[in-house]
Amino acid sequence: ILQEGDKVPADARVIDSNNLTVDESALTGESEPVHKFDEVLLTANLPTVDQKNMVFKGTHIVAGNGKAVVVATGLDSVLGKISEEIAVIDTEIPLKANIRYLTRLIIITVATICISIFVLGIFLGHSIREMFTTVVSLAVSIIPEGLPIVMTLVLATGVWRMSKRNALVKKLQAVEALGQARVIAVDKTGTLTKNEILLQKVYVDGKTFSISGEGYKPEGEVTLNDSKIDPLNHPELLLAGKLAAFVTNSGTMFDEELREWKATGDPTESSLSVFAQKVGFQKQVLEKESPRLSEISFDYKNKYHGVSHKVKDGIDLTVLGAPEEILEITTKIWHGGKALPVSVEKKKELEDMLVKMSQEGLRVLAFALKNNVSDDIQLKDIKELTFVGFFGLKDTLRPEVHEAMQKAISAGIKVVMITGDHKITAEAIAKEAGIYHGGDTILTGEDLDSLSDKELVDCLDKVSVFARVTPEHKLRIVQGYKQRGEIIAMTGDGVNDAPSLVAADLGVSMGKIGTEVAKEASDIVLLDDNFASIIAAIEEGRSIYKTIKKVILYLFSTSFGEVLAIIGALLLGFPLPILAAQIVWLNLVTDGFLDVSLAMEPKEEGLLRGTFEHPKKYLVDGLTIQRMFLMAVPMMIGTLFLFKGYFEVDMVKAWTISLTVLAVFQWFNAWNCRHESKSIFQLNPFGNKFLVGATIIVISLQLLAIYAPFMQKILHTTSLNMSEWIMIILVASSIVVVEEIRKLICRHTKFHVV
């Protein structure tokens, strides 16, 4: 037995319905309450949204009452099947996979280098003990043990910044993954739209009035032919407002906690109530003068709702419902304050207006009037009506959507809309949002059922809108994009979105209207349910990737420089230019402070341009490898050049020189890594205060390593004079010169020189 306010406990077949209306938004994602009836449906395997004679577990009764026979419980229900689907879906955030590939690459590279150096050293006459300690120390140096810490710091900083932009991150790696997204499959209701029904157009007496406003706030302007008008000067509009107040049973209230207006009851009727207030009618005041006498509730068969009120001249009946049904029982039309017979031509004109309003993405309701009815109206009394006009309602687009779409397009991101709406409505909304363009394809649920997986994958590049889709369809869409090799972010709010949220590379749920199931299934929760926040989060994600690249470049280029210096010394027959303890010092102290500070580098500009290069499999691209080589070679040449001048005279002095010049190379290199193409001298030196502080710290520690007696014993160092410092700094600055030349060529030729 189903009553208003009940939560449906199981899937059930309706056997008795008295204006039974169900909120299925948690299950289907569509905000409009659904009227249920007890008739037989002749079509088999209908989508959940079209099963009008069924109620489903997890939904709520918002109006009317009825009876139903339970047909499925637990895992056999629609909700349960969604739960089962989620359990078997296996997906992985891209960054996690990239780190795994990078780890394998590092292990293989380190093993190869260490074995090669060990064998080469033994072959050239070095002792096994000396070479063993060297390669172990070198392995410690090459393996970027600071990388997990730095990555965690970068991601945590990104999470903090994204929280300021209304994106709550549940999984740390998801921050960067959003920056990689190439496709965003966005749910219409609540993400692109406000999930607030707004009455936007009123057609009455041959005129189309536009009504502005925000949600359910009872304030707004009325325009006619793009000019603002006063409703008091338009009796036809006043009549529409009066009838809207008469026929509605719902209203609005102001939520003090959220500081916003909300609908109380059916959102469609609430929007009619708001319109009535905008043109000057308060339902309570109106019904004191014209009390309600009787009502015929909405019936799914007849598709209209009738209410009678006592007026000055008798009793008037107001009828609101589906335009086709109202036009069918209309014999007159209201014009110039009179009820005139309606001609065939006039009916055709009204039908054309209905089509036009529907093509604008409006949900159209017709309203009509009948004078001098009995005080107790019956269903048989609803005939020979006087047609008054059309109401055009719409779940309005968020004002930020257009700007966000432009940013998405310029960022090279494809946005596709997924909705349960009909194809015509979906097309109109997608056009308005800037998602659908001429030549694009719209696929419906029926189209998807007729396509094989391969056919779907092949046609996805032309599709921008998916209409009348089920949870199973959403899952196929996500899997189709993944088969194309695309990184896809999926947004959703309902239980039906959970499988696709889990299956997508990145699931994004809505914080305000989202169900708990959707939030649990997602990686990121949008606190303001706003599509613009997704684009902002993508920018943050791309910034994180750029920062990770900078840290990887710095760590690997400095380690590579040390490796080349040792290999070069072995090949030239020199002693080892740097000791094991000194390698550990460089790795833990110099690298440790500078890579952490580099992780705090401010966000670059232009991250939402279409030229943004997406992450490679190993997080290392061609440019990074090129820069590593160009940075490591000066480190090798400079170190060996200075080392050669000292090792035959004073070995301790030679080791001190090698250690110091490698350290200074690393100081300069950290500043080199701040930007791919901008010169060090173009960047604000205090833009990253952490790097300034870290540089001061590592300089101080290096001085300690050279001049403190107890450190001299540990690291085998000795004091350096001023001329030696000047020589070291001049040689180490060569790494800046080489990188500045590369950056200059890059800026002037617009491509990276290999």
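Colleague: Explain the overall build of the protein chain here, please?
Modeller: Within the protein chain, the secondary structure is distributed over 27 helices and 26 strands. Relative to the 2.2 N^0.38 estimate, which gives 27 Å for 754 residues, the radius of gyration of the protein chain is 35 Å and therefore markedly larger than a compact globule would have. Referenced to the eigenvectors of the C-alpha coordinate spread, the extents of the protein chain come out at roughly 120 × 55 × 45 Å. The contacts of the protein chain with a sequence gap of at least 6 include a subset with a gap of at least 24, amounting to 70%. Here the protein chain has roughly 32700 Å² of accessible surface; of this, 58% comes from carbon and sulfur atoms. In the protein chain, the 78 positive side-chain charges and the 92 negative ones have mean positions that sit 4 Å from each other.

Colleague: Mind showing me how you'd approach a nonpolar patch on the surface here?
Modeller: A contiguous nonpolar patch, built from F132, V136 and V140 and spanning about 250 Å² of accessible area, is present on the exposed surface. Checked against the element boundaries, V140 lands in helix 4 (residues 128–142).

Colleague: Explain the nonpolar core to me, please; I cannot follow it from the model alone.
Modeller: Side chains of a nonpolar character, in soluble globular proteins, are inclined to be buried together. One finds I117, I435, I524, F531 and I552 to be the most contacted residues of the largest nonpolar core, which totals 124 residues. The greatest single-element share of this core, amounting to 19 residues, is contributed by helix 20 (residues 531–572). Grouped together as the second largest cluster of nonpolar side chains are 35 residues, V202, Y216, L286 and W334 included.

Colleague: When you look at unusual backbone geometry in this model, what are you seeing that I'm missing?
Modeller: A negative phi angle characterises most non-glycine residues, just as the trans form characterises most peptide bonds. Positioned with a positive phi, N19 is a non-glycine residue whose angle comes to about 55°. For H716, which is not glycine, the phi torsion reads 60° and is therefore positive. Here H716 is to be found in the loop between helix 25 (709–715) and helix 26 (722–732). On the basis of relative accessibility, which here comes to 39%, the residue H716 falls in the partly exposed class.

Colleague: I would appreciate a short explanation of the sheet that holds strand 24 (residues 488–492) in the present structure.
Modeller: Neighbouring strands of a sheet are bound in pairs by backbone hydrogen bonds; such pairs are parallel or else antiparallel. Ordered in space as 6-26-25-24-7-21-23-22, the 8 strands form an open sheet in which the pairing is mixed. The open sheet has two edge strands with one neighbour each: strand 6 (167–169) and strand 22 (441–444). Shown here is a sheet whose adjacent strand axes are inclined to one another by a mean of 20°, direction ignored. In this sheet, strand 23 (residues 463–467) lies alongside strand 22 in parallel orientation, the contact comprising 4 bridges. In the sheet register, L443 faces strand 23, and the bridge partner there is F466.

Colleague: What is the right way to read the pattern of salt bridges from this model?
Modeller: Side chains bearing opposite charge may pair, as long as their charged atoms lie close to each other. For the coordinates displayed, the defined rule picks out 27 salt bridges. The closest approach of N and O atoms between K207 and E236, which form a salt bridge, is 2.9 Å. Separated by 29 residues along the polypeptide, K207 in strand 9 (residues 207–211) and E236 in helix 8 (residues 235–247) bring together distant segments of the chain. As a salt-bridge pair, K653 and E724 come within 3.2 Å of each other at their nearest N and O atoms. On the criterion of sequence distance, the pair formed by K653 in helix 23 (residues 651–672) and E724 in helix 26 is long-range, its members being 71 residues apart.

Colleague: Quick question: what am I supposed to make of the packing of aromatic side chains here?
Modeller: One pair of aromatic rings is described through two measures. These are the centre distance and the angle between the planes. Scanning the entire structure with this criterion turns up 7 aromatic pairs. Ring pairs connect the aromatic residues Y203, F387 and F390, which therefore count as one cluster. Note that R100 overlies the ring of Y101, its terminal NZ or CZ placed 5.2 Å from the centroid.

Colleague: Can you help me understand the confidence of the model for the protein chain in this one?
Modeller: Averaged over every residue, the pLDDT of the protein chain is 86; residues scoring 70 or more account for 96%. Predicted confidence in the protein chain is weakest over helix 1 (residues 25–28), with a mean pLDDT of 72, and strongest over helix 26, with 95.

Colleague: Where do I start with the packing of helix 23 against helix 27 (residues 734–749) in this structure?
Modeller: As a packed pair, helix 23 and helix 27 sit with axes 9 Å apart at the nearest point and diverge in direction by 20°. Between helix 23 and helix 27, the angle is such that the two are roughly parallel. Helix 23 and helix 27 meet at a crossing whose hand is right-handed. Taken together, the residues of helix 27 that come into contact with helix 23 (itself represented by F665, F668, N669 and N672) are S734, I735, V736, E739 and K743. Residues that form the contact of helix 23 with helix 27 fall into these classes: 4 nonpolar, 3 polar and 2 charged.

Colleague: I'm lost on helix 5 (residues 147–163) in this one. Help?
Modeller: Count 3.6 residues to each turn of an α-helix, and residues three or four apart come out pointing the same way. Across its 17 residues, helix 5 extends 24 Å between first and last C-alpha, which sits within 8% of the 24 Å expected from 1.5 Å per residue. Within helix 5, the full set of buried residues consists of L147, V150, M151, V154, L155, T157, G158 and M162. Looking straight down helix 5, one finds that the buried residues subtend no more than 155° of arc, so they occupy a single side. Relative to its buried face, helix 5 has exposed residues pointing more than 90 degrees away, namely P148, I149 and W160.

Colleague: Just checking my understanding: could you explain the packing of helix 21 (residues 580–598) against helix 23 for this structure?
Modeller: Geometry of a packed helix pair, given as the angle between the helix axes and the separation of the axes. Packing of helix 21 against helix 23 brings their axes to within 10 Å, and their N-to-C directions diverge by 15°. Between helix 21 and helix 23, the angle falls in the class roughly parallel. Handedness of the crossing formed by helix 21 with helix 23: right-handed. Judged by residue contacts, Q582, W585, L586, T590, D591, L594 and L598 of helix 21 engage W655, L659, L662, A663, Q666, W667 and A670 from helix 23. Here the residues of the contact of helix 21 with helix 23 are counted per class, giving 10 nonpolar, 3 polar and 1 charged.

Colleague: For this particular structure, what's the right way to read the environment of R747?
Modeller: Mapped onto the fold, R747 is located in helix 27. Between the C-alpha atom of R747 and that of E328, which follows or precedes it by 419 residues, the distance is 70 Å. Ignoring any residue separated from it by four or fewer positions in sequence, one finds R747 in contact with S677, K678, S679 and Q682.

Colleague: Could you clarify how one ought to interpret the environment of T189 in this entry?
Modeller: Structurally, T189 is set in helix 7 (residues 188–192). Between the alpha carbons of T189 and I418 there is a distance of 9.3 Å; along the sequence they are 229 residues apart.

Colleague: Sorry if this is basic, but what is going on with the pairing of strand 9 here?
Modeller: Pairing analysis gives 4 bridges linking strand 8 (residues 193–204) to strand 9, with the strands arranged antiparallel. By the bridge assignment, Y203 is partnered in strand 9 with T208. Joining the antiparallel neighbours strand 8 and strand 9 is a turn of 2 residues, in which D205 adopts a positive phi near 55°. Pairing between strand 9 and strand 10 (residues 222–224): 3 bridges, direction antiparallel. Bridge pairing in strand 10 links S210 to T223.

What counts, and at which threshold
Residues numbered from 1 in each chain as written. Predicted model: local features only at pLDDT ≥ 70, side-chain atom pairs only at ≥ 80, totals over all residues. Heavy atoms only, no water. Helix = DSSP H or I, 4+ residues; strand = E, 2+ residues; numbered from the N terminus. Rg over C-alpha atoms; globule rule 2.2 N^0.38 Å. Contact = heavy atoms within 4.5 Å. Areas by Shrake-Rupley, 256 points an atom, 1.4 Å probe, with all protein chains shown as cover. Lys, Arg positive; Asp, Glu negative; His and termini not counted. Charge placed at Lys NZ, Arg CZ, Asp CG, Glu CD. Patch = residues over 30% accessible without salt bridge, like charges linked within 9 Å, V, L, I, M, F, W, Y side chains within 5 Å. Salt bridge = Lys/Arg side-chain N within 4 Å of Asp/Glu carboxyl O. Core = buried A, V, L, I, M, F, W, Y, C linked by side-chain atoms within 4.5 Å. Buried < 20%, exposed > 50% of the residue type's maximum accessible area, 1.4 Å probe, protein only. Pairing = 2+ DSSP bridges. Axes fitted to C-alpha atoms, helices over the stretch in contact; angles between N-to-C directions. Phe/Tyr/Trp six-rings, centres within 6.5 Å; stacked < 30°, edge-to-face > 60°. Lys NZ or Arg CZ within 6 Å of the ring centre and 35° of its normal. pLDDT = per-residue confidence, 0-100. Parallel < 35°, antiparallel > 145°, perpendicular 65-115°, else oblique. Left-handed = near helix turned anticlockwise from the far one by under 90°. Nonpolar A, V, L, I, M, F, W, Y, C, P; charged D, E, K, R; others polar. Expected span 1.5 Å × (residues − 1). Arc of directions from axis to C-beta.

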